[in-house]
Number of protein chains: 2
Amino acid sequence: MLNESGNFNNLKLAAGSGKGEYQTPVFMDSDVYKWLEAASYDLANVPDPELEHMVDQAIELIAAAQQEDGYLNSYYQVNKPDERWTDLDHDHELYCAGHLLEAAVAHHRATGKPTLLAVARRFADHIDSEFGPGKRQRAPGHPEIELALVELYRETRERRYLDLAAFFVDQRGSGTMRGYRLGPAYQQDHVPVREATEVAGHAVRQLYLTAGVTDIYMETGEQALLDAMTRLWCDMTFTKMHITGGLGARFVGESFGQAYELPSDRCYCETCAAIASMMWNWRLLLATREARYAELLERSLYNGFLSSVSLDGRRYFYVNPLQSRGVDSMQGRGVVERPEWFGCACCPPNVMRQIALVGHYAATTDESGLQIHQYVSAKIEAELEAERQVVLRTETDYPWDGKVKLTIEETSGNEWKLALRVPGWCEGANLRVNGEAIEAAATSGTYATIERAWQAGDIVELDMVMQPRLTEPNPRVDAIRGSLAIERGPLVYCLEEVDQEPGLNLLDVRIAPDASLRATRREDLLGGVVVVEAQGAVVDVDAWRDELYRPAPMEDLPQREVVLRAVPYFAWANRGPGTMRVWIPRW
Amino acid sequence: MLNESGNFNNLKLAAGSGKGEYQTPVFMDSDVYKWLEAASYDLANVPDPELEHMVDQAIELIAAAQQEDGYLNSYYQVNKPDERWTDLDHDHELYCAGHLLEAAVAHHRATGKPTLLAVARRFADHIDSEFGPGKRQRAPGHPEIELALVELYRETRERRYLDLAAFFVDQRGSGTMRGYRLGPAYQQDHVPVREATEVAGHAVRQLYLTAGVTDIYMETGEQALLDAMTRLWCDMTFTKMHITGGLGARFVGESFGQAYELPSDRCYCETCAAIASMMWNWRLLLATREARYAELLERSLYNGFLSSVSLDGRRYFYVNPLQSRGVDSMQGRGVVERPEWFGCACCPPNVMRQIALVGHYAATTDESGLQIHQYVSAKIEAELEAERQVVLRTETDYPWDGKVKLTIEETSGNEWKLALRVPGWCEGANLRVNGEAIEAAATSGTYATIERAWQAGDIVELDMVMQPRLTEPNPRVDAIRGSLAIERGPLVYCLEEVDQEPGLNLLDVRIAPDASLRATRREDLLGGVVVVEAQGAVVDVDAWRDELYRPAPMEDLPQREVVLRAVPYFAWANRGPGTMRVWIPRW
């Protein structure tokens, strides 16, 4: 797709070897860099000479496109060579630079090769020569460079990169950015970062910025930054987040709405915003070790993020609504069916790199031992003591089942703590070591920890009770007042028209707050999922056929019982266009 | 404002007498024409030499700007003289032409002067020479020319203009318009007019088109056109209209949403869409004499339209939401406070012409007699028989009070029917002639008719019971499910923060379906309104302070009774920015 869409040719044009017209939007380079980042993670997981060759070729092209002084941006080089850095608000030069830096760090870590990192350092040095106190003093319209510079600092230990990241953060709040007539909040210029009290503006810009700020906090320890991040996180999760972890209530400005403005149908919930949220929550988890961040990362991963990609991995949603009334003449099919690509293709390569790095989210180590945050079947290798490997194997059918088996394959015989996250949705969890029940506090929403002198062959079994459940929204959320959602484990469920009795209109279904729910594994459905059947009803709206508004109180509508069949939200829209809803009105 | 914004200077630039830069958007001329139309209605009502002089000067300028061959569009003449008619989808040449024609007809009817009508005819003739079978065969991206050509036909009896209007209508449905990447529905090019089954796309474009199509039906009697219009009207009013008569559920494309997609907070409900709806309903009423069209005209007039203008008449809403959560950093103050003017200033001059012509909507005549559709204090003069005037005087405090007194001041002594509309909201109405009760069927939603040999001095009294009431929405409307609205007479009410007890959060109020309501006249408030007090409650959401989603079923929230004070929706946002809601959750 990057070939077809012209991304590579743009770089070739900059390198002097391309043919034909430059293709916009202005940030086409960043999609190449995101692909390189994803490919690097893949190469770190599984050697693949063919992929490695493609990567090397792309890096060669990028290096050829870089200018003498280190500058690198195909759009400006081809179209406006004399106008570098003249429209920071809109033209994404530093955004593309940030994705280059991220790719370079990932590539260096994965392969040890210096090729892309050298390009990135030359560009970063050039940026450092152009921006800073006494030089250009302005932040870019789209955050991204900040977290990338911190990553480059981590890989190179070159302090200037960290300082430059902090410098860009400090420029925000001038109130002078007026991009696209949406006001300074759209571009994160409405308030100085340390004074911010609520998430606002373009959701992806907001969350790339908070991810970068959290990175800076981790390296500098400046409490004011963490305080601001905690305020924003609470504002977001207490007032502005869909149950799927989706973020950005509005199409206009792809932006956060007001507190409790959380429509199901016309929410934006951009795929890249779910990704940005995972990036931020991962950093907050590293910074604070608080389970709530791993919890939200998981919610986003399995719901608002995973919904973006089709089961065959070839098609993508840009927007992830929680309700679909089917195709309409204005919004087109792109909102009910995943397209293969987009004119603004930020999401697909972002999906690729998130899927490639999902293993990163599984576990961490610290001085006390090893923490497991996300349950996946995996081999986990860690160095808890100098030159002594700890190797664990985890086996699980999560998220379909709450049982996780961990086998210690190697360890030193010294004591260390194993911490296992018990998700907030989990009503009860049992923990056994070598078959014996352990009294570790397995409280939901915390980590259960076991400290012992582990031996190779030790087996830990975590059994989390995973029952389907009904969830209520905060009563201040107007759009879904009086509705319930079905969840099971970390998964949010939805009703799709195709699973219901023929002709049933999803606008007419109802569910009781104490409805009985039944989970069934269906290997034949949607690649193998657990479906949930709920006792529900359908109301007869015949009395309302020709009216939108009538004098109150109307008589209760006649209703008849039906079985509602729910599938995981992430799997919706894989069986043709149709209607769907997550929130079900209660009767 | 037209001077300040450059609209007049644009025309001067076209006439060769302007200075400085041309000001966009491309349809700036149309605002001048709408003002001329409004001023003409005003001149018809009350002589005003100063206004008439201003009008004559403007017409002189317009005539000076017109080109030899009749073409007239300042944007093209100044900026793209060789590119006329090259971008019909976007450049509003025919839209501006339509407003010129409307203004010219209004001016001619009001003053009898031929000046502007001559300009309009020359331009219409030029358009006729450019468009039609065998000539340019394409509709414009923004309907307006259609209804204007029919009006010009009515004023001139030149059949070519009617044929040209029908020609433009017949070009629609090519599916080739792709304006602003919103698809052909945005510009009304997704379906041939006679095959349309639902309102779709940009609401103003849809409704200017249906108004024009209804005009063509009135002149041609083609049943297929009326059938299509009836289908669209039913689709709109049964599935896509806010209780205020507001139309256009979405910001994106300023467009209709899907059936039952009617959010209170992020609806668009553009002022010009309410105006367009009144224009269309007025024509449907003339075409069919059905009360439902007068009824919707009234609902739009007093609610979704009137809300657009501040009580002092100097500031305007472009967007008319039914819920405000106060100012936010993305949407800015323009959604909670009326600005004085807009970069795209279509609404203010459209408001002006609607207010100037509101008297037109009051009454009609036909072969049977005289029909009164809207109740205003007025003098109504009509010629029911050749050269015999009927003069009625109506006195009323409507919409604050349901009593209307009609005095026959002049008549011929021959029998004729007086028809009085009894609104659908009215539970009961009494009718008296000269003090004696009349058995005329005063059924709500129909016309009560009295046929007699009227005498000068006859007095008819209509007394419509006007109690505050609660209204329920269709249960398929997700966004306001389980909520109620307060109405009284033709007025929709709303709760404004400023009228409630201090600190009360409008997200936490509740009302019972059988709440007692009390109406009180308040001369001191908002220029004199009837307020409605309702027995309500406020819930304590403390249990939800830090969570958006929790396991069901939650316990009922504690609540305490409060008195909710409601004011007419049209008067909201006249006392500074604050929160507001029309729909109140029921308990």
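Counting of residues starts from 1 at the beginning of each chain's written sequence and follows it residue by residue. By the order in which they are written, chains take letters starting at A while ligands take numbers starting at 1. With pLDDT at 70 or above as the cut-off, local features in this predicted model cover only qualifying residues; side-chain atom pairs require 80 or more to be listed or tallied, and sums for whole chains, interfaces and linings still use all residues.

**Quick word on the overall build of chain A**
Stage number 1. Within chain A, the secondary structure is distributed over 14 helices and 21 strands.
Stage number 2. The C-alpha radius of gyration of chain A comes to 25 Å, within 12% of the 25 Å expected for a compact globule of 587 residues.
Stage number 3. When the 587 residues of chain A are sorted by exposure, 53% land in the buried category.
Stage number 4. What counts as a contact here is a pair of residues whose C-beta atoms, placed from the backbone, lie within 7 Å. Intrachain contacts of chain A at a sequence separation of at least 6 include 66% that bridge at least 24 residues. Put simply, DSSP H or I for four residues or longer makes a helix, DSSP E for two residues or longer makes a strand, and each gets a number counted from the N terminus. As a reference, a globule follows 2.2 Å times the number of residues to the power 0.38, and the radius of gyration itself is taken over C-alpha atoms. Three exposure classes are used, based on other C-beta atoms lying within 10 Å of a residue's own C-beta, which is placed from the backbone: buried for 20 or more, exposed for 12 or fewer, and partly exposed in between.

**Considerations on unusual backbone geometry**
Both trends apply: most residues other than glycine have a negative phi, and most peptide bonds are in trans.
Stage number 1. Here the residue pair A:Ala552 and A:Pro553 is connected by a cis peptide bond, since its omega of -10° sits within 30 degrees of zero.
Stage number 2. Mapped onto the fold, A:Pro553 is located in the loop between strand S18 (549-551) and strand S19 (559-568).
Stage number 3. In this chain, B:Tyr398 is followed by B:Pro399 through a cis amide linkage whose omega measures 5°.
Stage number 4. Structurally, the position occupied by B:Pro399 is in the loop between strand S5 (388-396) and strand S6 (403-410).
Stage number 5. Phi is positive for B:His92, close to 60°, though the residue is something other than glycine.

**So, the domain arrangement of chain A**
Stage number 1. Entries for chain A in the domain assignment read domain 1 (1-81 + 94-132 + 144-167), domain 2 (172-323 + 331-359), domain 3 (363-464) and domain 4 (470-585).
Stage number 2. What counts as a domain boundary in this text is fixed by an automatic or database domain assignment. Computed from C-alpha atoms alone, the centre-to-centre distance between domain 1 of chain A and domain 4 of chain A is 46 Å.

**What about the nonpolar core?**
Stage number 1. As used here, a nonpolar core is made of buried Ala, Val, Leu, Ile, Met, Phe, Trp, Tyr and Cys residues. They are joined through C-beta atoms within 7 Å. In terms of nonpolar packing, the biggest core is built from 376 residues, with A:Leu149 and B:Leu149 touching the most fellow members.
Stage number 2. Those residues within four positions of B:Leu149 in sequence are excluded, and the remaining contacts are B:Leu101, B:Ala124, B:Tyr161, B:Leu162, B:Leu164 and B:Ala165.

**Considering the pairing of strand S17 (residues 529-539) of chain A**
Strand residues, when the strand is regular, have side chains that alternate between the two faces of the sheet.
Residue and element names in this part refer to chain A.
Stage number 1. The buried fraction of S17 is high, at eight of eleven residues.
Stage number 2. Pairing between two strands is assigned when DSSP locates at least 2 bridges connecting them. Bridge analysis of strand S15 (residues 509-511) against S17 gives three bridges, and the strand direction is antiparallel. Bridge pairing in S17 places isoleucine 511 opposite glycine 536.
Stage number 3. Of the strand pairs in this sheet, strand S16 (residues 517-522) and S17 are connected by six bridges, and their pairing is antiparallel. Residue pairing across strands places arginine 518 opposite glutamate 533, the latter belonging to S17.
Stage number 4. In this structure, the hairpin formed by S16 and S17 is closed by a connection of six residues, where leucine 526 is found at a positive phi of approximately 55°.

**Re the relation of the copies chain B and chain A**
Copy one and copy two of the chain differ by a rotation about an axis and a translation along that axis.
Stage number 1. Taken as rigid bodies, chain B and chain A are interconverted by a rotation of 180° and an axial shift of 0.0 Å, the fit giving an RMSD of 0.0 Å. When the rotation and shift are considered jointly, the pair of chain copies conforms to a two-fold rotation axis. Taking C-alpha positions as the reference, the residue of chain B nearest the rotation axis is B:Ala479, at 2.3 Å.
Stage number 2. Mapped onto chain A, 100% of the interface residues of chain B are again interface residues, and the two copies thus contact each other with one and the same surface. We place the copies in one frame by least squares, fitting the C-alpha atoms of every residue whose pLDDT is at least 70 in both.

**Description of helix H12 (residues 271-288) of chain B**
Each full turn of the α-helix corresponds to 3.6 residues, which orients residues three or four apart in the same direction.
Residues and elements named next belong to chain B.
Stage number 1. Helix span, as expected, comes to 1.5 Å for every residue beyond the first. Under the 1.5 Å per step criterion, the end-to-end length of H12 is 26 Å for 18 residues, consistent within 8% with the ideal 26 Å.
Stage number 2. Burial runs high along H12: 15 of the 18 residues are buried.
Stage number 3. Just downstream of H12, arginine 289 is the residue with a positive phi angle, here 60°.

**What about the environment of B:Leu36?**
Residues and elements named next belong to chain B.
Stage number 1. On the secondary structure map, leucine 36 appears in helix H3 (residues 28-45).
Stage number 2. In this structure the C-alpha to C-alpha distance between leucine 36 and aspartate 56, which are 20 residues apart in sequence, comes to 9.6 Å.
Stage number 3. The contact partners of leucine 36, leaving out residues within four places of it in the chain, are Val55, Ala58, Ala103 and His107.

**What to know about the interface of chain B and chain A**
Stage number 1. Contacts between the two partners involve 58 residues from chain B and, on the opposite side, 58 residues from chain A.
Stage number 2. Sorting the residues of the side of chain B that touches chain A by element identifies helix H11 (223-239), strand S12 (468-473) and strand S18 (549-551) of chain B as the ones contributing at least two each.
Stage number 3. Residue contributions to the side of chain B that touches chain A peak at five residues, all from S12(B).
Stage number 4. Residues were grouped as follows: Ala, Val, Leu, Ile, Met, Phe, Trp, Tyr, Cys and Pro as nonpolar; Asp, Glu, Lys and Arg as charged; and all remaining residues, including Gly, as polar. Class assignment for the residues of the side of chain B that touches chain A results in 30 nonpolar, 13 polar and 15 charged.
Stage number 5. Two elements, strand S12 (residues 468-473) of chain A and S18(B), share three bridges in a ladder whose sense is antiparallel.

**Quick look at the packing of helix H4 (residues 49-65) of chain A against helix H7 (residues 115-130) of chain A**
Residues and elements named next belong to chain A.
Stage number 1. As a rule, the C-alpha atoms of each element are fitted with a line to give its axis, helices using only the stretch in contact, and angles between N-to-C directions run from 0 to 180 degrees. Running from N to C, H4 and H7 point in directions that differ by 25°, and their axes come no closer than 9 Å. Here H4 is positioned roughly parallel relative to H7, judged by the angle of their axes. Here the hand of the crossing between H4 and H7 comes out left-handed. Across the interface between the two elements, Ile59, Ile62 and Ala63 from H4 touch Thr115, Leu116 and Val119 from H7.
Stage number 2. Grouping the amino acids of the contact of H4 with H7 by side-chain chemistry returns five nonpolar, one polar and no charged. Should an angle fall under 35 degrees it is taken as roughly parallel, and over 145 as roughly antiparallel, whereas 65 to 115 is taken as roughly perpendicular and any remaining angle as oblique. Each crossing is labelled by how the near helix is turned from the far one, with a counterclockwise turn of less than a right angle marking it left-handed and a clockwise turn marking it right-handed.

**Observations regarding the sheet that holds strand S7 (residues 415-422) of chain B**
Residue and element names in this part refer to chain B.
Stage number 1. Taken together, four strands build an open sheet; the order of strands is S2-S3-S7-S10 and the sheet is mixed. Here the strands that pair on one side only, and so sit at the sheet edges, are strand S2 (363-366) and strand S10 (446-453). Within the sheet, the average angular offset between the axes of one strand and its neighbour, ignoring direction, is 20°.
Stage number 2. As defined by bridge partners, strand S3 (residues 369-372) adjoins S7 across four bridges and the pair is classed as parallel.

**With respect to the packing of helix H7 (residues 115-130) of chain B against helix H8 (residues 145-156) of chain B**
All names here are of chain B.
Stage number 1. Following both chains from N to C, one finds H7 and H8 inclined at 120°, their axes separated by 12 Å at the closest point. Between H7 and H8, the angle is such that the two are oblique. Like other packed secondary-structure pairs, H7 and H8 cross with a definite hand, here left-handed. For the pair H7 and H8, the contacting residues are Leu117, Ala120, Arg121 and Ala124 in the first and Leu149, Leu152, Glu155 and Thr156 in the second.
Stage number 2. The residue inventory of the contact of H7 with H8, partitioned by class, reads five nonpolar, one polar and two charged.

**Concerning the confidence of the model for chain A**
Stage number 1. The predictor reports its confidence for every residue as pLDDT, a score running from 0 up to 100. For chain A, mean pLDDT is 96; residues scoring 70 or higher make up 100% of the total.
Stage number 2. Here the prediction assigns the complex a pTM of 0.96, and the interface score ipTM is 0.95.

**Remarks on the sheet that holds strand S10 (residues 446-453) of chain A**
All names here are of chain A.
Stage number 1. The strand order across the open sheet built from four strands is S2-S3-S7-S10, with neighbouring strands paired in mixed fashion. At either margin of the open sheet sits one strand with a lone partner, and together these are strand S2 (363-366) and S10. Adjacent strand axes in the sheet meet at a mean angle of 20° when their direction is disregarded.
Stage number 2. Across four bridges, S2 lies against strand S3 (residues 369-372) in antiparallel orientation. Across the sheet, the residue bridging to threonine 364 is glutamine 371, located in S3.

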